[in-house]
Amino acid sequence: MISVEKALETVLNSSRYFGLEEVPFIKSVGRILKEDILADRDFPPFNRVSMDGIAIDYTSFKNGQRAFNIEGIQAAGSEQISLNNSGNCIEVMTGAVLPNNTNTVIRYEDVTITNGVATITVDAINDAQNVHAKGKDGKIGDLLIEQNTKISAAEIGVLATVGKSFVKVAKQPKVMIVSTGDELVGVDEIPLAHQIRRSNVFTLVSLLERLNIPSETAHITDDKPVLKSKIENYLQEYDVLLFSGAVSKGKYDFLPEVFDELGVEKLFHKITQRPGKPFFYGKTDECNVFGFPGNPISTFVNCLAYFYPWYHKSIGLEVVEETAILNADVIFKPNLTYFLQVKLSYRFGHLIATPITGNGSGDLASLVKTDAFIQLPNDKVEFKKGEVFPIIRYR
Ligand SMILES: Nc1nc2c(c(=O)[nH]1)N[C@H]1C(S)=C(S)[C@@H](COP(=O)(O)OP(=O)(O)OC[C@H]3O[C@@H](n4cnc5c(N)ncnc54)[C@H](O)[C@@H]3O)O[C@H]1N2
Ligand code: MOO
Ligand SMILES: [Mg+2]
């Protein structure tokens, strides 16, 4: 039996590198970028007209000129034209290149146009107004998105702008999720009096989907030879195996011995925590094996507390700790770290965790009423309202 801290350290020390892949940028939301994205040209790439109106040479205005013959039109998407006579003007549209020999744009609202002559109707204009200068937002080669950024809609626009139709992202591990147990039937089935529907695999699939990790699932009954032959294949085929059930002390809890017989190196079995104590963790050269205890809340909390940080470390992301203020006195006597279910709220900008006690680790419906687990350490028995502890949230 090891402590939560030691278990987490062991899990993190066995993180694994899954490599990179290139994906179409539009499919990359939620993935972890594995290259720096640089500006392929200046931002904006030319002196960009930012108001519809007329472009002039400011010197003419400064010298007192107010009426300008219109020489032409510069539309957005047209090649740059030139003002031939510095006493004239060119009509310009937002998004167009500022014409050669002009430097200042006056918006249509501030001019009147009659018979091809634009007359400025305001007293003051500024040199270079309404021009978004080339390179003002960024220079060619500037770092726009750092690697290890989680790609969101904000990054997608930048990727499009710099022409990155394919991007390098962290490859996801190949994951198999296995439930075990003779008492479990499918979701679409009507359970007999002694049976229940399996739920843990689907919880795990969903917890992995939050990380954008696709997974496959299987169910194996409590039959040791079958477990052994199937798991032998899975160990060859997958980067990660997540199990729920069959890791405790029961007559049919075969997984620890099956893992041993298949050469899975045991890194630990059993942690001083509740719920989730009988967690088995091991690895082979190619595969990491998470044997979560079968009680639904045990599977759930251990996936969050150990698989999540292991995955984050594996793809090169920082593992960040969050804390909240306990909102009630709690007494917990066993010498175990207590992952207590809490409902989160904000008060004056502080995150508050209100304990909601369910009926133990089999009470999966209680998860619906809470948002997170607060992690109460095993070095004391009384936890006071107002004290701050780490939390693991799932919403
Ligand atoms: N003598 C002891 N008995 C138990 C101990 C112990 O230390 N000594 N630990 C208890 C704790 S704590 C837990 S947690 C469970 C862990 O049990 P297993 O990992 O062996 O899991 P199972 O026995 O297969 O099942 C336990 C429980 O969970 C339900 N279950 C399992 N899989 C699913 C699923 N996919 N969906 C829904 N529910 C599932 C199963 O029906 C059982 O009710 O052991 C305690 N016992
Ligand atoms: O600790 Mo077990 O994980 O209570 O259900
Ligand atoms: Mg059992």
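Residues numbered from 1 in each chain as written. Chains lettered and ligands numbered in written order. Predicted model: local features only at pLDDT ≥ 70, side-chain atom pairs only at ≥ 80, totals over all residues. Heavy atoms only, no water.

Here is the rule: UniProt positions are given in the numbering used here, feature names are shortened, and annotations may be inferred rather than shown by experiment.
An unreviewed UniProt entry annotates the chain as Molybdopterin molybdenumtransferase originating from Polaribacter butkevichii. Its UniProt record gives the chain a comment under Sequence similarities (unreviewed entry), which states: "Belongs to the MoeA family." The UniProt entry for the chain carries this comment under Function (unreviewed entry): "Catalyzes the insertion of molybdate into adenylated molybdopterin with the concomitant release of AMP."

## Brief notes about the overall build of the chain
Applicable threshold: Only runs of H or I of at least four residues qualify as helices and only runs of E of at least two qualify as strands under DSSP, and these elements are numbered from the N terminus. C-alpha atoms define the radius of gyration in this analysis, and the globule rule sets the expected value at 2.2 Å times the number of residues to the power 0.38. Any two residues whose heavy atoms approach within 4.5 Å at even a single point are treated as in contact. Only the protein chains shown count as cover for residues, and the accessible areas themselves come from Shrake-Rupley with a 1.4 Å probe. In this charge count, Lys and Arg are treated as positive and Asp and Glu as negative; neither His nor the chain ends contribute. Every charge is mapped to an atom, namely NZ of Lys, CZ of Arg, CG of Asp or CD of Glu.
Within the chain one finds 7 helices and 28 strands. Over its C-alpha trace the chain gives a radius of gyration of 32 Å, far above what one expects of a compact globule, namely 21 Å for 395 residues. By its C-alpha atoms, the chain is 95 × 50 × 40 Å across when sized along the principal axes. A separation of at least 24 residues holds for 70% of the contacts in the chain among residues at least 6 apart in sequence. When the accessible surface of the chain is totalled, it reaches about 19600 Å², and 50% of it is carbon and sulfur. In the chain, 41 side chains carry a positive charge and 48 a negative one; their mean positions are 6 Å apart.

## Considering the layout of surface pockets
For clarity, the cut-off: Each cavity reported here is a set of points on a 1 Å grid over the protein atoms alone in which a 1.4 Å probe fits but cannot get out, each pocket an open set with protein on both sides within 12 Å along at least five of seven lines, and each lining residue one with an atom within 4 Å of a point. Grid points are joined across faces, edges and corners, and a volume is the space filled by probe spheres set on the points. Note on residue categories: nonpolar means Ala, Val, Leu, Ile, Met, Phe, Trp, Tyr, Cys or Pro, charged means Asp, Glu, Lys or Arg, and polar means any other residue, Gly included.
Volume-wise, the largest pocket comes out at about 890 Å³. As for the largest pocket, its lining consists of 34 residues, of which Leu304, Pro309, Val319, Val320 and Ile392 are closest to the centre. At the level of secondary structure, the elements contributing two or more residues to the lining of the largest pocket comprise helix H1 (4–13), helix H7 (296–314) and strand S28 (388–393). Ranked by residue count, the leading element in the lining of the largest pocket is H7, at 7 residues. Among the residues forming the lining of the largest pocket, the class breakdown is 21 nonpolar, 4 polar and 9 charged. A volume near 590 Å³ is recorded for the second largest pocket.

## Points about the domain arrangement of the chain
Basically, it comes down to this: Those domain boundaries reflect an automatic or database domain assignment.
Once the domains are mapped, the chain shows domain 1 (4–18 + 172–315), domain 2 (20–40 + 141–170), domain 3 (48–132) and domain 4 (322–393). The straight-line distance from the C-alpha centre of domain 1 to that of domain 3 is 69 Å.

## A few points about the site of ligand 2
So the rule is basically this: When at least one non-hydrogen atom of a residue lies within 4 Å of a molecule or strand, that residue is treated as near it. For this analysis, a polar contact is any N or O atom pair within 3.5 Å, provided that within protein one partner can donate a hydrogen and the other can accept it, and provided that sequence-adjacent residues contribute only side-chain to side-chain pairs.
Every residue lining ligand 2 is accounted for by Pro275, Gly276, Lys277, Asn295, Ser298 and Ser361. For ligand 2, an oxygen atom lies 3.4 Å from a polar atom in the backbone of Lys277. A distance of 3.0 Å is found between an oxygen atom of ligand 2 and a side-chain nitrogen or oxygen belonging to Asn295.

## A look at the environment of Ile391
Structurally, Ile391 can be placed in strand S28. Sequence separation of Ile391 and Glu322 is 69 residues, and the distance between their C-alpha atoms is 5.7 Å. Every residue in contact with Ile391, bar those within four places of it in the chain, is listed here: Glu322, Thr323, Ala324, Leu344, Leu351, Phe373 and Ile374.

## Some remarks on the packing of helix H4 (residues 200–209) against H7
Convention followed: Whenever a helix is involved, its axis is fitted only over the stretch in contact; in every case the axis is a line through C-alpha atoms, and angles between N-to-C directions fall within 0 to 180 degrees. Here the word oblique covers every angle except those under 35 degrees (roughly parallel), over 145 (roughly antiparallel) and from 65 to 115 (roughly perpendicular). Each crossing is labelled by how the near helix is turned from the far one, with a counterclockwise turn of less than a right angle marking it left-handed and a clockwise turn marking it right-handed.
Put simply, H4 and H7 touch, their axes get as near as 10 Å, and they point 25 degrees apart. By the criterion of interaxial angle, the relationship of H4 to H7 is roughly parallel. The crossing of H4 and H7 is right-handed. In this structure, H4 uses Asn200, Thr203, Leu204, Leu207 and Leu208 to contact H7, whose residues at the interface are Pro296, Thr299, Phe300, Cys303, Leu304, Phe307 and Tyr308. Taken together, the residues that form the contact of H4 with H7 break down as 9 nonpolar, 3 polar and no charged.

## Some thoughts on the pattern of salt bridges
This is how it is decided: A side-chain nitrogen of Lys or Arg and a carboxyl oxygen of Asp or Glu constitute a salt bridge if their distance falls within 4 Å.
Counted according to the given criterion, the structure contains 15 salt bridges. Between Glu35 and Lys164 there is a salt bridge, with its nearest N and O atoms 3.0 Å apart. Here Glu35 is found in the loop between strand S1 (20–24) and strand S2 (37–38), whereas its partner Lys164 is found in the loop between helix H3 (153–161) and strand S12 (166–170), with 129 residues between them in sequence. Close ionic contact of Glu261 with Lys224 constitutes a salt bridge, the shortest N to O distance being 2.8 Å. Here Glu261, found in helix H6 (residues 255–261), pairs with Lys224, found in helix H5 (residues 224–237); they are 37 residues apart in sequence, far enough to count as distant. What you see here is one network of salt bridges that share partners, running through Lys224, Lys228, Glu257 and Glu261.

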